[in-house]
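Results of the structural survey
Each chain, letter by letter, is given below.
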Amino acid sequence: METDCNPMELSGVAGFEEDAELNGFDGTDIKDMRLEAEAVVNDVLFAVSNMFVSKNLRCADDVAYINVETRERNRYCLELTEAGLRVVGYAFDQVDDHLQTPYHETVYSLLDTLSPAYREAFGNALLQRLEALKRDGQS
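In this report, we go over the structure that sits alongside the text. Given the structure is predicted, the values throughout are model-derived calculations rather than measurements. (Residues numbered from 1 in each chain as written. Predicted model: local features only at pLDDT ≥ 70, side-chain atom pairs only at ≥ 80, totals over all residues. Heavy atoms only, no water.)

**A few points about the sheet that holds strand β4 (residues 84-89)**
Spatial ordering of the open sheet is given by β1-β2-β3-β4, a layout of four strands whose pairing is antiparallel. Looking at the sheet topology across the chains shown, the edges are occupied by β1 (50-53) and β4. Each neighbouring strand pair of the sheet contributes to a mean axis angle of 25°, computed without reference to strand direction. Against the sheet, helix α3 (residues 33-44) makes contact with β1, β2 (64-69) and β3 (75-81), and its axis sits at roughly 165° relative to β1, the strand it touches most. In the packing of helix α4 (residues 107-114) onto the sheet, the strands contacted are β1, β2, β3 and β4, and the crossing angle to β4 comes to about 40°. (Pairing = 2+ DSSP bridges. Helix = DSSP H or I, 4+ residues; strand = E, 2+ residues; numbered from the N terminus. Axes fitted to C-alpha atoms, helices over the stretch in contact; angles between N-to-C directions. Contact = heavy atoms within 4.5 Å.)

**Details of the side chain of Glu 69**
By the secondary structure assignment, Glu 69 is in strand β2. Residue Glu 69 is classed as buried on the basis of its relative accessible area of 10%. When residues no more than four places from it in sequence are discounted, the contact partners of Glu 69 are Val 48, Ser 49, Asn 50, Asn 74, Arg 75 and Phe 92. (Buried < 20%, exposed > 50% of the residue type's maximum accessible area, 1.4 Å probe, protein only.)

**Section: the nonpolar core**
Membership of the largest hydrophobic core comes to 25 residues, with the highest contact counts inside it found for Met 51, Ile 66, Val 68, Leu 78, Val 87, Val 107 and Leu 111. Contributing elements (two or more residues each) for this core: α3, β1, β2, β3, β4, α4 and α5 (116-138). Broken down by element, this core gets its largest block of residues, five residues, from α3. Other than its neighbours up to four places away in sequence, Val 87 contacts Tyr 76, Cys 77, Leu 78, Leu 99, Thr 101, Leu 110 and Leu 114. Among the nonpolar cores identified, the runner-up in size contains five residues, and Ala 60, Val 63, Tyr 65 and Val 88 belong to it. (Core = buried A, V, L, I, M, F, W, Y, C linked by side-chain atoms within 4.5 Å.)

**Overview of unusual backbone geometry**
At Arg 73, a position not held by glycine, the phi torsion is positive, near 75°. Phi angles above zero are rare outside glycine, and Asp 93 is one such case at about 60°. Mapping Asp 93 onto the fold places it in the loop between β4 and α4.

**Remarks on the pairing of β3**
Within β3, six of the seven residues are buried, which leaves the element mostly enclosed by the surrounding structure. Sheet topology places β2 next to β3; six bridges connect them, and they run antiparallel. Paired with Tyr 65 across the strands is Glu 79, a residue of β3. Adjacent in sequence and paired antiparallel, β2 and β3 are bridged by five residues, among which Arg 73 carries a positive phi angle near 75°. As defined by bridge partners, β3 adjoins β4 across five bridges and the pair is classed as antiparallel. Bridge assignment links Leu 80 to a residue of β4, and that residue is Leu 85. Two successive antiparallel strands, β3 and β4, enclose a turn made up of two residues.

So, in structure tokens, the structure goes:
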């Protein structure tokens, strides 16, 4: 069943989780792909030029779409499903049904193949984090 998802709809409903339990759902079996997509975006936004969950493409319980622009200025539309992430278009909000691209288990793996600048930004962030841990350990 396809739905027009808005992450704010659920967060504004008082007692949503309790109501779900009363209806026989504990929330563990239901995966909202739009919420998963928001988490993906928040995880790697620092290492790309632009990234956001599509507001134009409809999401469903089992699929969400993410638009990403790499630091090289290449634009992609990504599909997020239980199988992983894959490129479905080469422009924002574009889904090419004939495009056959491989699924990646993680956004890191996908971006690593698409963007050398992502790889560099991720490596630099990791290095800064390790240096900060080293400094904290020495004080």
